[in-house]
Amino acid sequence: GAGVSQSPSNKVTEKGKDVELRCDPISGHTALYWYRQSLGQGLEFLIYFQGNSAPDKSGLPSDRFSAERTGGSVSTLTIQRTQQEDSAVYLCASSFSLARVGTQYFGPGTRLTVL
Amino acid sequence: QKEVEQDPGPLSVPEGAIVSLNCTYSNSAFQYFMWYRQYSRKGPELLMYTYSSGNKEDGRFTAQVDKSSKYISLFIRDSQPSDSATYLCAMMTGGSEKLVFGKGTKLTVNP
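In this text, all values refer to a predicted model and were calculated from it rather than measured experimentally.

Q: Just to check I follow, could you spell out the overall build of chain B for this structure?
A: The helix and strand tally for chain B stands at zero helices and 11 strands. Shown N-terminal to C-terminal, the secondary structure of chain B runs as helices and strands in the order β-β-β-β-β-β-β-β-β-β-β. The globule rule puts the C-alpha radius of gyration for 111 residues at 13 Å, and the 13 Å found for chain B is close to it. Summarising its shape, the C-alpha atoms of chain B cover approximately 40 × 25 × 20 Å along the three principal directions.

Right, here's the structure in full:
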């Protein structure tokens, strides 16, 4: 069956440019998460959406980062005025809210390189 | 001190060996403990899930949680070259949806 998909798979941009990363969660999953995986740093939580509730933005590293989820499905993570330290793999995950806690299904990620 | 500590390795073992992977943590509120496997250029996939203390076995994989020591382990028996991947421990408190990950341990099983 279809899993979580992310696009683009790779993105190279110049410092100072804005980028948009897209996530298509598994159909029917109400919860959606964004994580960042930097070399040697492991996965870092960024933001969490659950249904129509206000998102948990507590992991966003700066106000250059924002995310939205339209229609309870597709999500876009936007990074404005990118910096070299934003280079990382950005992972999206989704889960079904009534499933056992912690069973998040991850997409393949978007590898962002800021030159 | 990071909330979750995990030795990044790398760890290299011969095929058939028993592999032991470990994480320690500092937050006593963690109640849910997971192990994810991540192949190169792929997203993590859930391997094992444990609630609170105890052992859980699934085929060649055994997960152990010792909350008194704040220590979790993943054992892989009869390791195979296809087990070569990065293994990430992850934890969650009750009432939270945020997974806190270790940095991952890179494992190579040599044929």
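Alright, that's what it looks like, and here's the rest.
Q: Looking at this structure, I do not really get the sheet that holds strand β3 (residues 19-24) of chain A. What am I missing?
A: In a beta sheet, neighbouring strands are held together by backbone hydrogen bonds and run either parallel or antiparallel to one another. All names here are of chain A. With respect to topology, four strands assemble into an open sheet ordered β1-β3-β7-β6, the strand pairing being antiparallel. Strand pairing shows two members of the sheet lacking a second neighbour, β1 (5-7) and β6 (65-69), which therefore form its edges. Averaged over all neighbouring strand pairs, the angle between strand axes comes to 15 degrees, with direction disregarded. In terms of strand pairing, β3 meets strand β7 (residues 75-79) through five bridges, oriented antiparallel. In the sheet register, V19 faces β7, and the bridge partner there is I79.

Q: When you look at the sheet that holds strand β3 (residues 19-25) of chain B in this model, what are you seeing that I'm missing?
A: All names here are of chain B. Spatial ordering of the open sheet is given by β1-β3-β8-β7-β6, a layout of five strands whose pairing is antiparallel. The open sheet is flanked by β1 (4-6) and β6 (54-58), the only strands paired with a single partner. Averaged over neighbouring strand pairs, the angle between their axes works out to 15 degrees when direction is ignored. The pairing of β1 with β3 spans three bridges and is antiparallel. Within the sheet, the bridge partner assigned to V4 lies in β3 and is Y25.

Scoring rules and cut-offs
Residues numbered from 1 in each chain as written. Chains lettered and ligands numbered in written order. Predicted model: local features only at pLDDT ≥ 70, side-chain atom pairs only at ≥ 80, totals over all residues. Heavy atoms only, no water. Helix = DSSP H or I, 4+ residues; strand = E, 2+ residues; numbered from the N terminus. Rg over C-alpha atoms; globule rule 2.2 N^0.38 Å. Pairing = 2+ DSSP bridges. Axes fitted to C-alpha atoms, helices over the stretch in contact; angles between N-to-C directions.

From the geometry alone we can't say anything about function, so treat these as descriptive.
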